[in-house]
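Spelled out from the first residue to the last, the chains are:
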Amino acid sequence: MSDRDHHISLADAIKLTHRWQDAQPTATRAWKFSRGIVDEMLKQSDCAGVRIYMAQKEKGEVTLVVVGTDAAGNDLTSGTIAEEALPCPIFCPKDSPLQPL
């Protein structure tokens with residue numbers, strides 16, 4: 001799998017996040033995972049990246065499932081898999097420029 005430069009500027013990030021928030025005003029804006037689970041996932045010996053799946057709980061709530069990937073892009077399903085992120089709104093930063101005005 002080829003490496004891609006995933007960097008964007010803050011200005012571009014603001015445009016993208018505000019566009020989503022304007023188009024989907026009642027949708028979840030963001031999800032936060034703790035560093036511990038991210039570090040645990042990335043420390044797997046064959047982990048070269050992560051994949052984030054959209055998912056749905058039994059009662060219909062949207063969530064994310066995060067799994068490590070190897071260098072070929074395969075999911076590391078026998079390793080660390082994460083869910084239970086903190087959603088925003090509810091757990092939102094108060095002064096991030098990525099939040100709507």
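Details of the structure are given in the entry above.
As a starting point, this report considers the structure included with it. Treat the numbers as computed from the prediction; the structure is a model and nothing was measured. (Residues numbered from 1 in each chain as written. Predicted model: local features only at pLDDT ≥ 70, side-chain atom pairs only at ≥ 80, totals over all residues. Heavy atoms only, no water.)

## Some remarks on the state of the cysteines
- Scanning the entire structure with this criterion turns up 1 disulfide.
- Two residues, Cys-88 and Cys-92, share a disulfide whose sulfurs are 2.1 Å apart. In this structure, the disulfide formed by Cys-88 and Cys-92 twists by about 110° around the S-S bond and is classed as right-handed. (Disulfide = S-S within 2.5 Å.)

## A short note on the pairing of strand 3 (residues 62-69)
- Burial analysis of strand 3 places 6 of its 8 residues in the buried class, the great majority of the element.
- Examined bridge by bridge, strand 2 (residues 49-56) and strand 3 share 8 bridges and lie antiparallel to one another. In the strand pairing of strand 3, Arg-51 is matched with Val-67.
- Counting the residues in the hairpin turn of strand 2 and strand 3 gives 5 residues, including Gly-60, whose phi is positive at 95°.
- Alignment of strand 3 against strand 4 (residues 81-82), held across 2 bridges, turns out to be antiparallel. Within strand 4, the position partnered with Val-67 by the bridge is Ile-81. (Buried < 20%, exposed > 50% of the residue type's maximum accessible area, 1.4 Å probe, protein only. Helix = DSSP H or I, 4+ residues; strand = E, 2+ residues; numbered from the N terminus. Pairing = 2+ DSSP bridges.)

## Regarding a nonpolar patch on the surface
- Among the surface-exposed residues, Val-38, Leu-42, Val-50 and Ile-52 lie close enough to one another that they form a single nonpolar patch of about 330 Å² accessible area.
- Of all the elements in the fold, those that place two or more residues in the nonpolar patch are helix 2 (35-42) and strand 2.
- Turning to its location among the elements, Leu-42 is positioned in helix 2. (Patch = residues over 30% accessible without salt bridge, like charges linked within 9 Å, V, L, I, M, F, W, Y side chains within 5 Å. Areas by Shrake-Rupley, 256 points an atom, 1.4 Å probe, with all protein chains shown as cover. Salt bridge = Lys/Arg side-chain N within 4 Å of Asp/Glu carboxyl O.)

## As for the pattern of salt bridges
- Throughout the structure, instances matching the rule amount to 4 salt bridges.
- A salt bridge links Asp-39 to Arg-35; its shortest N-O distance comes to 2.9 Å. Residue Asp-39 and its partner Arg-35 are both found in helix 2; the two are separated by 4 residues, about one turn of the helix.
- The exposure class of Asp-39 is partly exposed, given its relative accessible area of 26%.
- Judged by relative accessible area, which is 66%, Arg-35 ranks as exposed.
- Glu-84 is paired through a salt bridge with Lys-57; the nearest N and O atoms lie 3.6 Å apart. One end of the pair, Glu-84, is in the loop between strand 4 and strand 5 (86-88); the other, Lys-57, is in the loop between strand 2 and strand 3, and 27 residues separate them in sequence.
- For Glu-84, a relative accessible area of 55% translates into the label exposed.
- A residue is classified by how much of its surface remains accessible, and Lys-57, at 34% relative accessible area, is partly exposed.
- In the salt-bridge network here, residues are joined through shared partners; they are Lys-57, Glu-83 and Glu-84.

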